[in-house]
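Coordinate analysis (summary)
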Amino acid sequence: SHTRWLLVMVLPVVSYSPPPKEREQLVSAANLQVDALRAEITNLGDAYLQSFIIFPVIAALSVCIALALACGMSYPLRQLDSRMQQLAEFNSTGTSVKPIFHKRPSPIIEVSNLQHTFGRLSDGIEAFTRFVPETVVRRIVRGDPRAARLHVTRREVTIMFSDIRDFTAISESLSEEDLLFVLTRYLSVMTRLVEDFNGIVTEVLGDGLLAFWNTPDDLEEHAAKACDAALAQQQAIAFLNQEFASFNLPSLQIRIGLHTGSVLSGNLGSESKMKFGCLGDPINLASRLEGLCKFYGVGVICSSDTRAALPQGHFFCRRLDIVQVKGRREATEIFEVVGQDKDRDHAELSAALAAGGAQQCVRSSTVESALDAIGRSTVELSKSSSHVALEKPTIPVARELSENSNSVSEEVRSRVEMYETALAAWQSANFLEACRIAAELLQTCPEDVAASRLLERSRQFVSADGKSVVGISKEELDEWKGVFVMTEK
């Protein structure tokens with residue numbers, strides 16, 4: 001009932017194995033594929049090897065380029081940061097940063113713009129110090145909250161008033177160009193000398209200066225520094241007169257008044273406009289002392305307050321008088337600052353050398369200070385080609401100075417002693433003795449105006465024969481205080 005089938009297929013042997021030619025073709029094709037695969041593997045290995053070599057090279061080049069770019073950016077930025085730190089601390093060396101950046105500007109536009117902007121800011125602050133005392137600008141830059149608003153503090157300061165003698169007549173005899181040259185040259189040197197001795201010039205009063213010491217910053221021995229500055233100014237004007245003479249310009253003589261006293265010092269003015277200065281009667285007295293220089297025929301007068309504040313023996317002063325200046329009720333003892341007492345300085349220096357402390361006794365020569373200020377002023381003025389004053393070239397100042405040019409001679413010391421003896425006689429109402437000594441002094445030094453004034457005052461109370469006192473009652477003699485009352489400024 002079940003049928004089974006058996007299927008039988010007969011194929012030739014050739015159907016199971018290709019012919020030799022076809023087999024060779026298959027083998028050849030397979031070998032070609034294997035060779036291609038091997039070539040690809042070899043190329044891939046070479047590519048890997050090349051990548052291992054090229055990648056570090058590219059990485060090194062990238063690092064070098066990055067470092068070069070970083071240095072190109074960081075160096076000018078570090079330089080700019082250093083300048084900003086100096087500006088923040090106001091450690092100005094007197095050299096503008098703007099020319100430095102102009103010589104080496106950054107190739108990066110943003111950094112270059114920042115350099116130029118900071119350069120203009122620095123130049124502006126530097127120019128600001130020409131109108132406002134540098135110490136005041138320093139306080140403003142450092143962020144002192146009181147520096148930019150109205151405020152005053154009580155301080156003991158030394159005040160200097162200086163003026164050119166007969167300046168009105170001199171200005172009338174000069175052309176405007178010559179007058180500008182004389183004033184610019186004179187004021188430049190005088191201002192430098194004040195600043196060299198740590199003072200500040202707060203006002204330029206036409207042909208004169210108003211300067212202070214010990215404000216706004218504390219300053220030791222400020223009275224001594226003011227006297228040194230005054231003596232240096234007198235030395236400098238002598239050298240400047242040599243220069244003026246070469247241009248057929250008139251010589252200048254200056255008068256200086258110094259006083260030390262308590263004042264209100266700070267920013268004065270209104271809420272919208274203010275200036276740094278001092279307020280108080282000592283300023284008026286310093287101005288009066290400058291005026292007294294003309295009356296007594298001397299160059300520098302200081303008050304007894306300034307004289308008392310000087311280091312003992314460092315200055316040689318002549319006791320001029322006790323005067324009651326116009327506008328004041330109290331009398332003031334005044335002194336002429338003759339010069340530095342170099343003999344005392346040398347003695348102290350020798351003692352200091354033996355003790356190993358010479359640094360405290362070495363004091364600068366006012367002559368050398370004057371010459372240095374003139375030289376630096378010449379250099380600074382020559383930088384401004386547009387300055388009218390430079391149309392007249394300055395000449396080298398002669399440096400042929402004797403060793404004693406900055407000291408007080410024995411002859412001067414002897415005359416000072418005679419004058420002070422005559423003054424003491426007048427103040428004690430011994431008018432006969434005052435006349436005798438003053439007349440004797442004028443025989444040896446007829447140009448001594450102070451001695452001439454003293455002789456004139458003494459003769460008012462001496463008879464024609466010179467043997468008795470006249471013109472003053474016994475009551476007046478009993479109340480005599482030896483004070484000379486000035487009736488004019």
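Per the secondary structure count, the protein chain includes 15 helices and nine strands. Taken as a whole, the protein chain presents about 28,600 Å² of accessible surface, with 55% of it coming from carbon and sulfur.

The terminal C-alpha atoms of helix α7 (residues 222–246) lie 36 Å apart, and with 25 residues this matches the ideal 36 Å at 1.5 Å per residue to within 8%. Most of α7 sits out of view: 18 of its 25 residues are buried. Looking one or two places after α7, you find N248, whose phi comes out positive at around 55°.

What follows is about unusual backbone geometry. The residue after T215, namely P216, is reached through a cis peptide bond having omega -5°. Along the chain, P216 turns up in the loop between β3 (208–213) and α7. Phi angles above zero are rare outside glycine, and D166 is one such case at about 55°. Looking at where D166 falls in the secondary structure, it is placed in the loop between β1 (151–164) and α5 (167–173). Here D166 falls in the partly exposed class, since its relative accessible area comes to 43%.

Summed over all chains, the structure comprises 22 salt bridges. Among the ionic pairs, E336 bridges to R318, the shortest N-O distance being 3.0 Å. With E336 in strand β8 (residues 332–340) and R318 in strand β7 (residues 315–324), this pair connects stretches of sequence that are 18 residues apart. Take R318: its relative accessible area is 6%, and that puts it in the buried class. Where R413 meets E410, a salt bridge forms, and the shortest distance between an N and an O atom there is 4.0 Å. Here R413 pairs with E410, and both are found in helix α12 (residues 410–427), just three residues apart, close to one helical turn. What makes E410 exposed here is its relative accessible area of 58%. Linked through salt bridges whose partners overlap, the residues forming this network are R139, D144 and D217.

Within the largest apolar cluster, 52 residues are counted, with the highest numbers of intra-cluster contacts made by M160, W213 and L258. Ranked by residues supplied to this core, first place goes to α7 with 13 residues. When neighbours within four sequence positions are excluded, L258 is seen to be in contact with I159, M160, A226, C227, A230, L289, V300, I301, C302, S303 and T306. Counting 35 residues, the second-largest nonpolar core is a separate cluster that includes A450, V462, F484 and M486.

On to the confidence of the model for the protein chain, then. Residue-level pLDDT values for the protein chain average 82, and 84% of them are 70 or greater. Predicted confidence in the protein chain is weakest over helix α10 (residues 342–355), with a mean pLDDT of 51, and strongest over strand β6 (residues 300–303), with 98. Throughout residues 356–362 the model reports pLDDT below 50, and contacts reaching past four residues in sequence, or to other chains, amount to eight contacts. Taken together, the stretch residues 397–404 has pLDDT below 50 and engages in 12 contacts with residues farther than four places along the chain or on a different chain.

Before going further, it helps to examine the packing of helix α6 (residues 176–196) against α7. Relative to each other, α6 and α7 sit at 150°, their axes nearing to 10 Å. Judged by the angle between their axes, α6 and α7 are roughly antiparallel. Here α6 runs over α7; the crossing is right-handed. Within the contact between the two elements, α6 uses F181, V182, R185, Y186, V189, M190, L193 and V194 and α7 uses A229, A232, Q233, A236, I237, L240, E243 and F244. In terms of residue class, the contact of α6 with α7 is built from 13 nonpolar, one polar and two charged.

Reading the values: the criteria
Residues numbered from 1 in each chain as written. Predicted model: local features only at pLDDT ≥ 70, side-chain atom pairs only at ≥ 80, totals over all residues. Heavy atoms only, no water. Helix = DSSP H or I, 4+ residues; strand = E, 2+ residues; numbered from the N terminus. Areas by Shrake-Rupley, 256 points an atom, 1.4 Å probe, with all protein chains shown as cover. Expected span 1.5 Å × (residues − 1). Buried < 20%, exposed > 50% of the residue type's maximum accessible area, 1.4 Å probe, protein only. Salt bridge = Lys/Arg side-chain N within 4 Å of Asp/Glu carboxyl O. Core = buried A, V, L, I, M, F, W, Y, C linked by side-chain atoms within 4.5 Å. Contact = heavy atoms within 4.5 Å. pLDDT = per-residue confidence, 0-100. Axes fitted to C-alpha atoms, helices over the stretch in contact; angles between N-to-C directions. Parallel < 35°, antiparallel > 145°, perpendicular 65-115°, else oblique. Left-handed = near helix turned anticlockwise from the far one by under 90°. Nonpolar A, V, L, I, M, F, W, Y, C, P; charged D, E, K, R; others polar.

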